[in-house]
Amino acid sequence: MNSRPERGISLRALIPNAVTALALSVGLSGVRFAYLENWVLAAGAIVLAGILDGLDGRIARLLNAQSRFGAELDSLSDVIAFGVAPALVMFFWSTQHMDQFGWMLSITMAIGCALRLARFNAQIDDDDQPHKSAGFITGIPAPVGAGLVMLPLYLWVITDLEIFRDYRMVAPWIVLIAFLMISNTATYSWSSLRLRKNIRLEAIAIVALLGVALINNPWITLTAISIGYILSIPFSVRSYAKVKRQRAAAQSPASDDDS
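Residues numbered from 1 in each chain as written. Predicted model: local features only at pLDDT ≥ 70, side-chain atom pairs only at ≥ 80, totals over all residues. Heavy atoms only, no water.

Draft legend 1. Representation of the overall build of the protein. In terms of helices and strands, the protein carries 11 helices and 2 strands. Counting from the amino terminus, the protein carries its helices and strands in the arrangement α-α-α-α-α-α-β-α-α-α-β-α-α. Accessible surface computed for the protein: about 15,600 Å², of which carbon and sulfur atoms make up 65%. (Helix = DSSP H or I, 4+ residues; strand = E, 2+ residues; numbered from the N terminus. Areas by Shrake-Rupley, 256 points an atom, 1.4 Å probe, with all protein chains shown as cover.)

Draft legend 2. Summary view of the packing of aromatic side chains. By the definition in use, this model includes 7 aromatic pairs. Aromatic pair W93 and W156: ring centres 5.7 Å apart, planes at 65°, arrangement edge-to-face. Note that W93 is positioned in helix 3 (residues 68-93) and W156 in helix 8 (residues 151-159), a separation of 63 residues in sequence. We classify W93 as buried; its relative accessible area is 0%. Ring pairs connect the aromatic residues Y35, F91, F92 and W103, which therefore count as one cluster. (Phe/Tyr/Trp six-rings, centres within 6.5 Å; stacked < 30°, edge-to-face > 60°. Buried < 20%, exposed > 50% of the residue type's maximum accessible area, 1.4 Å probe, protein only.)

Draft legend 3. Representation of a nonpolar patch on the surface in the model. A contiguous nonpolar surface patch, about 450 Å² in accessible area, is contributed by I111, L115, L176, F179 and I182. In terms of residue count, the dominant contributor to the nonpolar patch is helix 9 (residues 167-182) (3 residues). Inspection of the secondary structure assignment puts L176 in helix 9. (Patch = residues over 30% accessible without salt bridge, like charges linked within 9 Å, V, L, I, M, F, W, Y side chains within 5 Å. Salt bridge = Lys/Arg side-chain N within 4 Å of Asp/Glu carboxyl O.)

Draft legend 4. The pattern of salt bridges, seen in detail. Taken as a whole and judged by the stated rule, the model has 2 salt bridges. A salt bridge links D166 to R168, with the nearest nitrogen and oxygen atoms 2.8 Å apart. Relative accessible area serves as the criterion here: at 63%, R168 is assigned to the exposed category.

Structure representation (structure tokens):
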């Protein structure tokens, strides 16, 4: 007797996919808040979407519920929540006041996010991924890019200085973040970070304090995280270059032996 083929999504896979859909809905809600000129909620919605996006993959791995459907849904969600939504928020907040190129420069964020995720999907089954095999990421991830592109908005909320809302500052920043998303720059991933055993308790304490800071002073904390991430990029590039040299040195004796 032939068993019937399983159709649809398993019950176990519903949870991470539901979290992905929730991240999409929350991120897209940021556009609505931007249209209503509630900039705090607009930025907060996209940041919350980024947190949810970080949970769905971990939940899927915890439940052993990874699927190609979930991967495709996650990519589509990321394009909207971390590409389209931030582009529209930054347009409504600042670059709409730019006479000719405000819209064009704003949507570079959406284009950069879409190109990044298209590249990721095209290489998902490729074994030859030097950055990934070394524990690094190629370019900055979509949720991180969405958080970084709103750095001028964080500073404006904190200081109430209109200079941070000036499109002459905001537009180049949007283009820079879009470029970093699609660049070949090696950036840190969780797997590339190695903590010594004697500081692991301190690391847990720092994470706890960071969570408290996000609750009590979210905009100052997000600003500090954003600046810290940008400053970490030269170190990640140097770290990957070191790994690359070590790999080349390890392969060199083998090549000499073969000859």
